[in-house]
Amino acid sequence: MGFILVAAAAILASFSRDVVGQLTVDLTSNTGPLRYGAVGFLYGLGDVGIPTDTMLFALKPQVTAQKPPDGLQHPNGDAIKIAPAFKRAGGREIQVYTQDIYQSWPYPVPGVQAYLKDLEPVINKLKADPYHSSYVYVPINEPDLQWYENNVTGLMTDWKTIVQRIRTLDPTARFAGPNFAIYRNDEHTKFFTYAKENDVYPDVVTWHELQNDFFTNWYDHFNHYRALEAKLGVSPRPITINEYARSSGDLGVPGNLVQFIARFENSKVDGCLAYWTTAGGLNDLVTHNNQATGAWWLYKWYSDMTGNTITVLTPSVGSSLQGVASVDSSKKQVRVIFGGNNPAAGTYSTSITLKGLSSTGFLGSTVHATMWGVDTSGLDPSTGPYVLSESDYAVSSGQISINLSNLQGKSAYHIIVTPNTSRSPAANSRYEAEYAAISGTAKITYGSNTGYSGTYFVEGYGASSTASTVFTITSPTDGFYNLGLRYSAGPYTGAPTDRSIKMRLNQEDLTILELHGTADWNSWNTVTVKAFLPAGINRVEFNAYTDDDVDAINIDFLDVASAAGTITNYEAESPANTVTGQAAIWNNAAASGGKYAGNIGLVGNNTITFNNISAQKSGPHRLVVVYANGELGAGADNYNANIVDRYAIVSVNGDSAQNVPFRNTLGWSNWRSTVATVELNAGNDNKIVFSNPSAWAPDIDYIRIALPFE
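Since we're looking at a predicted model, the values are computed, not measured. (Residues numbered from 1 in each chain as written. Predicted model: local features only at pLDDT ≥ 70, side-chain atom pairs only at ≥ 80, totals over all residues. Heavy atoms only, no water.)

Q: Got a minute to help me understand the overall build of the chain in this structure?
A: When you go through the chain residue by residue, the secondary structure sums to 8 helices and 41 strands. In summary, the chain has a C-alpha radius of gyration of 27 Å against a globular reference of 27 Å for 710 residues, a match within 12%. When the backbone C-alpha atoms are referred to their principal axes, the chain occupies close to 75 × 75 × 50 Å. Relative to its full complement of 710 residues, the chain shows a buried share of 60%. The long-range fraction of contacts in the chain, counting pairs at least 24 apart against all pairs at least 6 apart in sequence, stands at 78%. A distance of 3 Å separates the average location of the 47 positive side-chain charges in the chain from that of its 63 negative side-chain charges. (Helix = DSSP H or I, 4+ residues; strand = E, 2+ residues; numbered from the N terminus. Rg over C-alpha atoms; globule rule 2.2 N^0.38 Å. Buried < 20%, exposed > 50% of the residue type's maximum accessible area, 1.4 Å probe, protein only. Contact = heavy atoms within 4.5 Å. Lys, Arg positive; Asp, Glu negative; His and termini not counted. Charge placed at Lys NZ, Arg CZ, Asp CG, Glu CD.)

Right under this line is the structure:
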């Protein structure tokens, strides 16, 4: 089926005279497995639960760099505290900036022996931690700017002393360095030559790319190091650029960040977004703790790529127009992400040529290409990707060209090329299963079935307990949404007529969906669940869950639409509540009703109890807390704002309590929401208590109660 969708932001156009260059994607030039190396952060994880697991899980994080346990450089970012969440999300490596034990920047200069003495408690804690094998010591940070400026000889001598001393305390320790602020040919040559001769060569090679010259000189830096490594006879070390992006104009801007992603993936190195703003927001990929900026979606697209990368030829090595492409023969898909213009604020035209299509063995004489865009949103939540164009293309001499104009320099773009099996156009509120994340025995075959939406569907649930399809969706506000799963459940040997599937929401079981059988595998039904979703990113999973074939289905798509539902509000200032100790009701014009509860926590008796909470039935309920937290804390005070995240101990009806995180809202009149799950009893006499015996809890405006689904 052939069709073209046209969006206002850009149009498929004949090749025009303002074209600045083109990208050529060569499917015959396989460059190896995806590394996802650019998905890394410096202080991107702040505290337990900040950001939420949901924001991390979708991104395939690789490396994060954090402060040492109990470090004073910033109030948050403790490596040991964030390690469980990072590892749950599949994170590979946690680099520990050990000099961040000190509060001031530049770091004080105590001398190497005093520094090593200060490090002993850090080393002992890291060695004893369950995630010890994931930690990599970064013992010296930006030595070319402090401690060893113009003194590479002193750096080399002290590096040897530090590495050898840490090895005596932690024999399996790994090290990253030298962590120069910029790439320096001469200093690197001297340092690595000395390190090789003295058996203190870093396990991970690190430096920073924070300057304009990255865009023109990256490959010179990379190639110089690799040549030096070969000359020294050292086996290739992993490289991590553990601070990348300029101090202004890059973070949060998809069109700029794709230029880093492309170069790092081409070189198969890792990178950590630089810490120029606040901790705990994945370096401006996340806002309000669970909501995505436009840049988050770029990294989500990157993480959704599977298979192997293929060569992308750019107009020039230093071109601002950059891209990454992958081919997955098991999915029969080619994916391309691209963007970038100089100046970033401008618009541009380009052509995306894909050649070697015939070499795949799964793309025929015509192919289907769908293209999405995502715009920069600053620190505001993004509305998400939008469908930009969709069309069928005849393959000529093994290639196609997609000509585009009026692209935004700050935006990024995503193309998926599939066999020409499309039945209906893509839609912004519809999430097609064939583009979702799949695992286990789930598969996409682009076979001969009919009746589906989009370009195909996900199958492989028959005779399986591992098949899984995960949709990552966005919701603008906390509330109820109709989630419409379209599926097929035709006759299958050994399976009952009616089927069921396990539905999970944000890493937790939600329900077992009962599904009526369909007449055959070309017939489709839709089952709708009205679920409560927190504002921002939500991951909706449909998983096989039995050893029999009750879950033998095919999945077509998930539709998402806002819906009415029962949500009950309870104001903090209500006279029905109980406020104890120093906790009190205060005035704030920005709060609902002009009042809020503050001074909660620090000691055990500063509490607020919401009384007479109603529940229609016993069981789990969503607790939405609308709060403010503008606290700033101690730390280096000459750069990033040292925001402090707060926690509240939430207990219900005197039963076991949970520690709920409240990310900083960057002001005491900025009211945000966070969502937790609590167990309520049927009736009108539930009590929810907020406290914290050792630190301040956030100010609370009101709470809301809803069922997980209706």
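Q: Explain the packing of helix 3 (residues 112-128) against helix 4 (residues 152-169) here, please?
A: In contact at an axis separation of 10 Å, helix 3 and helix 4 are set at 35° when each is read in the N-to-C sense. Regarding helix 3 and helix 4, the two cross each other, and that crossing is right-handed. Contacts between helix 3 and helix 4 involve Val112, Gln113, Tyr115, Leu116, Leu119, Glu120, Ile123 and Lys127 on the former and, on the latter, Asp158, Thr161, Ile162, Arg165, Ile166 and Leu169. Looking at the contact of helix 3 with helix 4 residue by residue, the class counts come to 8 nonpolar, 2 polar and 4 charged. (Axes fitted to C-alpha atoms, helices over the stretch in contact; angles between N-to-C directions. Left-handed = near helix turned anticlockwise from the far one by under 90°. Nonpolar A, V, L, I, M, F, W, Y, C, P; charged D, E, K, R; others polar.)

Q: What is the right way to read unusual backbone geometry from this model?
A: Excluding glycine, most residues fall at negative phi; most peptide bonds, likewise, are trans. With omega at -5°, the peptide bond leading from Trp105 into Pro106 counts as cis. Tracing the backbone through its elements, the reader meets Pro106 in the loop between strand 6 (93-97) and helix 3. With an omega of 5°, the peptide bond running from Gly177 to Pro178 counts as cis. Within the fold, Pro178 resides in strand 8 (residues 176-180).

Q: Before we go on, may I ask you to explain the environment of Asp129 in this structure?
A: Topologically, Asp129 is positioned in the loop between helix 3 and strand 7 (135-138). Asp129 sits in the buried class, given a relative accessible area of 13%. Sequence spacing of Asp129 and Asn612 is 483 residues, and the spatial spacing of their C-alpha atoms is 43 Å. Look past the residues within four positions of Asp129 in its chain and what remains in contact with it is Ile80 and Tyr135.

Q: Explain the pattern of salt bridges here, please?
A: Oppositely charged side chains can form a pair if their charged atoms are brought close together. For the structure on display, the rule yields 18 salt bridges. Close ionic contact of Glu93 with Arg174 constitutes a salt bridge, the shortest N to O distance being 3.6 Å. With a gap of 81 residues between them, Glu93 in strand 6 and Arg174 in the loop between helix 4 and strand 8 connect regions that are remote in the sequence. Here Glu93 falls in the buried class, since its relative accessible area comes to 6%. Overall, the relative accessible area of 26% leaves Arg174 in the partly exposed class. Three or more residues joined by partner-sharing salt bridges are found here, namely Lys502, Arg504, Asp509 and Glu541. (Salt bridge = Lys/Arg side-chain N within 4 Å of Asp/Glu carboxyl O.)

Q: Is there a simple way to explain the sheet that holds strand 35 (residues 608-615) in this structure?
A: Each strand in a sheet pairs with another by means of backbone hydrogen bonds, the pair being arranged parallel or else antiparallel. Within the open sheet, the 5 strands sit side by side as 32-35-40-37-38. Their pairing is antiparallel. In this open sheet, the two strands that pair with only one neighbour each are strand 32 (578-579) and strand 38 (658-662). Relative to strand 40 (residues 683-691), strand 37 (residues 646-652) is paired through 4 bridges, and the arrangement is antiparallel. Residue pairing in the sheet places Ser651 in a bridge with Val689 of strand 40. (Pairing = 2+ DSSP bridges.)

Q: Is there a simple way to think about the side chain of Thr311 in this case?
A: With respect to the secondary-structure elements, Thr311 resides in strand 14 (residues 308-313). At 2.6 Å, the side chain of Thr311 forms a polar contact with the side chain of Ser29. (Polar contact = N/O pair within 3.5 Å; in protein donor to acceptor, adjacent residues only side chain to side chain.)

Q: Can you help me understand the nonpolar core in this one?
A: Soluble, globular proteins show a tendency: their nonpolar side chains are buried together. Ranked by internal contacts, the top residues of the largest apolar core, which has 145 residues, are Leu285, Trp296, Tyr299, Tyr461, Leu483 and Phe542. For this core, the leading source of residues is helix 4, giving 8 residues. Counting 31 residues, the second largest nonpolar core, distinct from the first, contains Leu23, Leu27, Ile310 and Val334. (Core = buried A, V, L, I, M, F, W, Y, C linked by side-chain atoms within 4.5 Å.)

Q: Is there a simple way to think about helix 6 (residues 214-232) in this case?
A: Every α-helix winds through 3.6 residues per turn, so residues three or four apart in the chain are directed the same way. In a regular helix each residue adds 1.5 Å, so 19 residues correspond to 27 Å; helix 6 covers 25 Å between its end C-alpha atoms and thus fits that length. For helix 6, the complete set of buried residues consists of Phe214, Phe215, Trp218, His221, Phe222, Tyr225, Leu228, Glu229 and Leu232. Considered in projection along helix 6, the buried side chains sweep an arc of 130° and stay on one side of the axis. Along helix 6, exposed side chains directed more than 90 degrees from the buried face belong to Ala230 and Lys231. (Expected span 1.5 Å × (residues − 1). Arc of directions from axis to C-beta.)

Q: Would you explain the sheet that holds strand 23 (residues 437-439) in this entry?
A: The 5 strands lie next to each other as 23-24-29-26-27, forming an open sheet whose pairing is antiparallel. The open sheet has two free edges, formed respectively by strand 23 and strand 27 (508-515), since each of these has just one partner strand. Direction aside, the axes of adjacent strands within the sheet are offset by 25° on average. Across the face of the sheet, helix 8 (residues 294-304) comes into contact with strand 24 (468-475) and strand 29 (536-543) while running at roughly 170° to strand 24.

Q: Explain the pairing of strand 21 (residues 412-419) here, please?
A: Looking down a regular strand, the side chains alternate between one sheet face and the other. Of all 8 residues that make up strand 21, 8 are buried, and the element is covered over most of its length. Relative to strand 21, strand 16 (residues 333-339) is paired through 6 bridges, and the arrangement is antiparallel. In the sheet register, Arg335 faces strand 21, and the bridge partner there is Ile416. Alignment of strand 18 (residues 366-374) against strand 21, held across 8 bridges, turns out to be antiparallel. Counterpart to Met371 in the pairing with strand 21 is Ile415.

Q: Where do I start with the packing of aromatic side chains in this structure?
A: Each aromatic ring pair is described using two quantities: the centre-to-centre distance and the angle formed by the ring planes. One pass over the full model with this rule turns up 38 aromatic pairs. Looking at Arg430, its charged tip hangs above the ring of Phe557, at a distance of 3.7 Å from the centre. (Phe/Tyr/Trp six-rings, centres within 6.5 Å; stacked < 30°, edge-to-face > 60°. Lys NZ or Arg CZ within 6 Å of the ring centre and 35° of its normal.)

Q: Looking at this structure, I do not really get the packing of helix 6 against helix 7 (residues 254-267). What am I missing?
A: Angle between the axes and distance between the axes are the two parameters that describe a pair of packed helices. Close contact between helix 6 and helix 7 brings their axes to 11 Å; oriented N to C, the two are set at 15°. The angle between the axes of helix 6 and helix 7 places the two elements in the roughly parallel class. Handedness of the crossing formed by helix 6 with helix 7: right-handed. Residues Phe214, Phe215, Trp218, Tyr219 and Phe222 of helix 6 form the contact with helix 7, whose participating residues are Gln259, Phe260, Arg263, Phe264, Asn266 and Ser267. Here the contact of helix 6 with helix 7 is built from residues that sort into 7 nonpolar, 3 polar and 1 charged. (Parallel < 35°, antiparallel > 145°, perpendicular 65-115°, else oblique.)

Q: Explain the environment of Val258 to me, please; I cannot follow it from the model alone.
A: With respect to the helices and strands, Val258 occurs in helix 7. Each C-alpha atom of the pair Val258 and Leu34 lies 15 Å from the other, and the pair is 224 residues apart in sequence. Excluding its chain neighbours within four sequence positions, the residues that come into contact with Val258 are Leu298, Gln322, Ile337, Phe338, Gly339 and Gly340.

Q: What's the story with the environment of Ile166 in this structure? I'm lost.
A: Tracing the backbone through its elements, the reader meets Ile166 in helix 4. Separated by 54 residues in the primary sequence, Ile166 and Asp220 place their C-alpha atoms 33 Å from one another.

Q: Just checking my understanding: could you explain the side chain of Gln73 for this structure?
A: Summarising the element assignment, Gln73 is placed in the loop between strand 5 (63-66) and helix 2 (79-88). At 2.7 Å, the side chain of Gln73 and the backbone oxygen of Tyr102 are in polar contact.

Q: In this structure, what is going on with the confidence of the model for the chain? I would like to understand it.
A: Close inspection of predicted coordinates is inappropriate for parts of the model with low pLDDT. Mean pLDDT over the chain stands at 95; residues scoring 70 or higher make up 97%. Within the chain, strand 1 (residues 5-6) has the poorest average pLDDT of any element, 32, and strand 6 the best, 99. Segment residues 1-19 is flagged for pLDDT under 50; beyond a separation of four residues in sequence, or across chains, it makes 51 contacts in the model. (pLDDT = per-residue confidence, 0-100.)

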